[in-house]
Amino acid sequence: MQMITKFMSGTALLVLFTLQIAAAAEYSVKVELAAMSGLMMPESAVAHPDGRVFVTEIGEFGVDGDGKVTVLNLDGSSEPLVTGLNDPKGIALFENQLYVADNDRLLRISLDGRKDILATAQDFPGTPQFLNDVEIDGLGNIYISDSGDDDGKHGGIYRYSVEGVIEEILTDASAIKRPNGLLMDGVGQLLVADFGTGKLFRFDIDSGNLTALNQGFGGADGLVRDSYGFLYISDWANGKVWQLVDPRSTPRLIADHYESAADIGISADGRFLLVPDMKAGTLEFLPIR
Ligand SMILES: [Ca+2]
Ligand SMILES: [Ca+2]
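Residues numbered from 1 in each chain as written. Chains lettered and ligands numbered in written order. Predicted model: local features only at pLDDT ≥ 70, side-chain atom pairs only at ≥ 80, totals over all residues.

## As for the overall build of the chain
Then step 1. A count of helical and extended segments in the chain gives 3 helices and 24 strands.
Then step 2. Per-residue burial over the chain gives 45% buried out of 289 residues. (Helix = DSSP H or I, 4+ residues; strand = E, 2+ residues; numbered from the N terminus. Buried ≥ 20, exposed ≤ 12 C-beta atoms within 10 Å, placed from the backbone.)

Structure representation (structure tokens):
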């Protein structure tokens, strides 16, 4: 795939994916889903175990009320799950509920589209500037990254506890310039993709210790792990997706044809990365098996 990626335009590549997937009749559903277009600044995608995919759409940046979550159904159809959001970015699923970072607030959205505001901007200690990714641990504590402004001011990580208490557990004084992608890596451990430096960090939540694990990811955005334990990181600024055998290993480039690869997810069957291309307005199913 890497060789092909180097020599083909993005459009041609999408066609190739479709043909490859169509060749296997058992994936006929995925033909429809190989690339969904017409999305308004898609930022993040998450798959339900039943196969449906939920994707956030920012709409216009800085414009309130035009954001939404769209659901891609198993038959290839899609529809808005909830509208009227502001600039929704990271989306996570926990116990059949969706959690979305909507610029400066945290939302919980039921699978039938009911929206609860868990936290408004005023509920956050400090200043929520650019809430980005959402990650949830096994107990149900919710971690929200804040990428701050262009210089990282007001950046950090918040924790919305099971009891509903919000704390800023990492501030903009840390080594992470613009925290973006979050991924649980065991009890009390978060992997953090730094949009500002292109580095990958491990954050020990209790001690506050940060360890730089890797680097070179440009505008590092999404983080996800597959069923083999491989790690994937997207580079929003350069339209790339990398695969890592281990968080510290040499990154392997698996795709570089995106305009802006945002917060990636993984399909329910584990065979595809879900890649929202924010500027292209598409959601691509990138084969990884
Ligand atoms: Ca918007
Ligand atoms: Ca992100």
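The discussion continues.
## Brief notes about the sheet that holds strand β3 (residues 53–57)
Then step 1. Pairing within the open sheet is antiparallel, and its 4 strands lie in the order β2-β3-β4-β5. Here the strands that pair on one side only, and so sit at the sheet edges, are β2 (42–47) and β5 (78–85). With direction set aside, neighbouring strand axes in the sheet form an average angle of 20 degrees.
Then step 2. Pairing analysis gives 5 bridges linking β3 to strand β4 (residues 67–72), with the strands arranged antiparallel. Residue pairing for β4: Thr 56 is matched across the bridge by Val 69. (Pairing = 2+ DSSP bridges. Axes fitted to C-alpha atoms, helices over the stretch in contact; angles between N-to-C directions.)

## Digging into the environment of Val 55
Then step 1. Within the secondary structure, Val 55 is located in strand β3.
Then step 2. What makes Val 55 buried here is the crowd of 26 C-beta atoms within 10 Å.
Then step 3. Residues Val 55 and Gly 265 lie 210 residues apart in sequence; the distance between their C-alpha atoms is 9.7 Å.
Then step 4. Sequence-distant contacts of Val 55, that is, excluding residues within four places in its chain, are made with Leu 39, Pro 42, Ser 44, Ala 45, Thr 70, Pro 276 and Leu 283. (Contact = placed C-beta atoms within 7 Å.)

## Let's talk about the nonpolar core
Then step 1. Counting 74 residues, the largest nonpolar core has Phe 54, Val 100, Ile 144, Ile 233, Val 241, Leu 273 and Leu 274 as the members making the most contacts within it.
Then step 2. Each of domain 2 (37–123) and domain 3 (132–162 + 173–225 + 244–249) gives at least three residues to this core.
Then step 3. Sequence-distant contacts of Leu 273, defined by excluding residues within four places in its chain, comprise Tyr 232, Val 241, Ile 264, Ile 266, Leu 286 and Ile 288. (Core = buried A, V, L, I, M, F, W, Y, C linked by C-beta atoms within 7 Å. Domains from an automatic or database assignment.)

## Some remarks on the sheet that holds strand β22 (residues 265–266)
Then step 1. Across the sheet, 4 strands lie side by side as β1-β24-β23-β22; this open sheet has antiparallel pairing. Two strands lie at the open edges of the sheet, namely β1 (35–36) and β22, each paired on one side alone.
Then step 2. The pairing of β22 with strand β23 (residues 272–277) spans 2 bridges and is classified as antiparallel. The residue of β23 that forms the bridge with Gly 265 is Leu 274.

## Section: the pairing of β5
Regular strands place their side chains on alternate faces of the sheet.
Then step 1. Both β4 and β5 contribute to a ladder of 5 bridges, which runs antiparallel. The residue of β5 that forms the bridge with Val 69 is Val 82.
Then step 2. Between β4 and β5, which pair antiparallel and follow one another directly, the connecting turn spans 5 residues, one of which, Gly 76, has a positive phi of 90 degrees.

## A closer look at the pairing of β2
Then step 1. Where burial is concerned, most of β2 is hidden: 5 out of the 6 residues are buried.
Then step 2. Pairing of β2 with β3, which is carried by 5 bridges, proceeds in the antiparallel orientation. Across the sheet, Ser 44 pairs through a bridge with Thr 56, a residue of β3.
Then step 3. The antiparallel pairing of β2 with β3 creates a hairpin that spans 5 residues between the two strands, and Gly 51 there sits at a positive phi of about 105 degrees.

## Concerning the environment of Tyr 99
Then step 1. Considering the arrangement of structural elements, one finds Tyr 99 in strand β7 (residues 97–102).
Then step 2. Taking the number of C-beta atoms within 10 Å as the measure of exposure, Tyr 99 has 22 and is therefore buried.
Then step 3. If sequence neighbours within four positions are ignored, Tyr 99 has contacts with Ala 92, Phe 94, Leu 106, Arg 108, Val 134, Ile 136 and Ile 142.

## Focus: unusual backbone geometry
Then step 1. Non-glycine residue Met 41 carries a positive phi angle of around 55 degrees.
Then step 2. Among the secondary structure elements, Met 41 is positioned in the loop between β1 and β2.
Then step 3. Residue class for Met 41 comes out buried when judged on the 23 C-beta atoms lying within 10 Å of it.
Then step 4. One non-glycine residue, Glu 95, lies in positive phi territory at about 45 degrees.
Then step 5. Along the polypeptide, Glu 95 turns up in the loop between β6 (88–94) and β7.

## Quick look at the environment of Asn 180
Then step 1. Structurally, the position occupied by Asn 180 is in strand β14 (residues 179–184).
Then step 2. Taking the C-alpha atoms as reference points, Asn 180 and Phe 195, 15 residues apart in sequence, are found 5.8 Å from one another.
Then step 3. Excluding residues that lie within four positions of it along the chain, Asn 180 makes contacts with Asn 132, Asp 133, Ser 145, Ser 147, Ala 193, Asp 194, Phe 195, Ala 220 and Asp 221.

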